[in-house]
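Residue-level listing of the chains:
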There are 2 protein chains.
Amino acid sequence: MAKGLLMVMTGEGKGKTTSALGMALRTAGHGLRVCFIQFIKGSWRYGELEAIKRFDDLIDFHVMGRGFTWKSENLEEDARLAREGWSKACGAIESGRYHLVVLDEFTYLLHYNMLELPACLEFLKEHCPQQHVLITGRYAPDALMAAADLVTEMRVIKHPLKSGVKAQKGIEF
Amino acid sequence: MAKGLLMVMTGEGKGKTTSALGMALRTAGHGLRVCFIQFIKGSWRYGELEAIKRFDDLIDFHVMGRGFTWKSENLEEDARLAREGWSKACGAIESGRYHLVVLDEFTYLLHYNMLELPACLEFLKEHCPQQHVLITGRYAPDALMAAADLVTEMRVIKHPLKSGVKAQKGIEF
């Protein structure tokens, strides 16, 4: 590997998680191993879960956390789950087993101060030269974007949910 | 299906094709059929090609065109290939066989005037209420975005190739 990249996909627009899934599958297509950690648990992700199962020889998939938001009433439990998730991520990154580690929807943990940003960044900066890491989610902190090699912002130009069309199978979930 | 969506992913940033791939796999994860037509041929797409093979029961994959650009020296041949590709796309959309039809990198054909934009838009507007269609590529024409239900722009905030890091397996291709 020429250089491990720290990549961030952020913004309000569609395509962050689907892009992470696509990159994971592209990597697996090369026969390279991926660790995909999803930080927001939600039963609606049936499509991805079934799709990724066909790659269980190459993609290790983990779901952390417990719901759609990290801004719940039980902040202590959220913080505990956030630390648990981050610890899983660190283990995957340090293991050297993976070509790519995806931390899907991870930015929320930083945005809601569930983790200490400086310590996370220090860890990522130390390990990313040997490891590709892709972080997705809205509200990526400026310091994370500053530390990253690649940052894409998914901008909403138009969104059907805003014009009253409901979320649809295969497209939104 | 509540309503077929015409979706566009455009912009200079990374994540358009990977997101289309992710959406195709998510759809296949639901057991729904996808037709994925790639309008720029290139042997570098080994990762995607291998990945998508695992879904050949649900995803029909076609490569049209002949290279990285539609702005070649042989404009007549390009235009012929563009018409051939569009004809394949129309057939897939009209067939009713697919939950989602992806026209990957299709915007270039419109941008370089290889096809007649008004006729394409008329066809898409007529058929999209019964069919999800996702179009990707830079330089999406304004009229296409105006006709679409969903438009995401992938914006480059930072790109490693600009700082001299070369394209890497699994990440860029």
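Placed above this text is the structure.
Remember, predicted model here, so these are calculated numbers, not experimental data.

**Quick notes on the sheet that holds strand S1 (residues 6–10) of chain A**
The twelve strands lie next to each other as S3(A)-S2(A)-S4(A)-S5(A)-S1(A)-S6(A)-S6(B)-S1(B)-S5(B)-S4(B)-S2(B)-S3(B), forming an open sheet whose pairing is mixed. Here the strands that pair on one side only, and so sit at the sheet edges, are strand S3 (59–63) of chain A together with strand S3 (59–63) of chain B. Adjacent strand axes in the sheet meet at a mean angle of 15° when their direction is disregarded.

**A word on the relation of the copies chain B and chain A**
Overlay of chain B on chain A (RMSD 0.0 Å): rotation 180°, translation along the axis 0.0 Å. A rotation of that kind, with that shift, is consistent with a two-fold axis. When C-alpha distances to the rotation axis are compared across chain B, the minimum falls at Ser19 of chain B, with a value of 1.8 Å. In this assembly, 100% of the residues forming the interface of chain B have copies in chain A that are likewise at the interface, indicating an isologous arrangement.

**A closer look at the side chain of Asp60 of chain A**
Assignment of secondary structure puts Asp60 of chain A in strand S3. Ignoring sequence-local partners within four residues, the contact set of Asp60 of chain A consists of Arg33, Val34, Cys35, Phe36, Arg97 and Tyr98 of chain A.

**Topic: the nonpolar core**
In a soluble, globular protein the nonpolar side chains are often hidden away together inside. Core analysis: the largest hydrophobic core is formed by 44 residues, its most contacted members being Ile59 of chain A together with Ile59 of chain B. Beyond its immediate stretch of four places on either side in the chain, Ile59 of chain A contacts Ala24, Leu25, Ala28, Val34, Phe36 and Ile52 of chain A.

**A few points about the pairing of strand S4 (residues 100–104) of chain A**
Residue and element names in this part refer to chain A. Counted residue by residue, S4 has five buried out of five residues, so it is predominantly covered. Here S4 shows no split at all, with Leu100, Val102 and Asp104 on one side and Val101 and Leu103 on the other all buried. Summarising the sheet, strand S2 (residues 34–38) and S4 pair through five bridges and their orientation is parallel. The residue bridging Phe36 from the neighbouring strand is Val102, located in S4. The sheet contact formed by S4 and strand S5 (residues 132–136) spans four bridges and is parallel. Counted as the bridge partner of Val102 is Leu134 from S5.

Reading the values: the criteria
Residues numbered from 1 in each chain as written. Chains lettered and ligands numbered in written order. Predicted model: local features only at pLDDT ≥ 70, side-chain atom pairs only at ≥ 80, totals over all residues. Heavy atoms only, no water. Pairing = 2+ DSSP bridges. Helix = DSSP H or I, 4+ residues; strand = E, 2+ residues; numbered from the N terminus. Axes fitted to C-alpha atoms, helices over the stretch in contact; angles between N-to-C directions. Least-squares fit on C-alpha atoms with pLDDT ≥ 70 in both. Contact = heavy atoms within 4.5 Å. Core = buried A, V, L, I, M, F, W, Y, C linked by side-chain atoms within 4.5 Å. Buried < 20%, exposed > 50% of the residue type's maximum accessible area, 1.4 Å probe, protein only.

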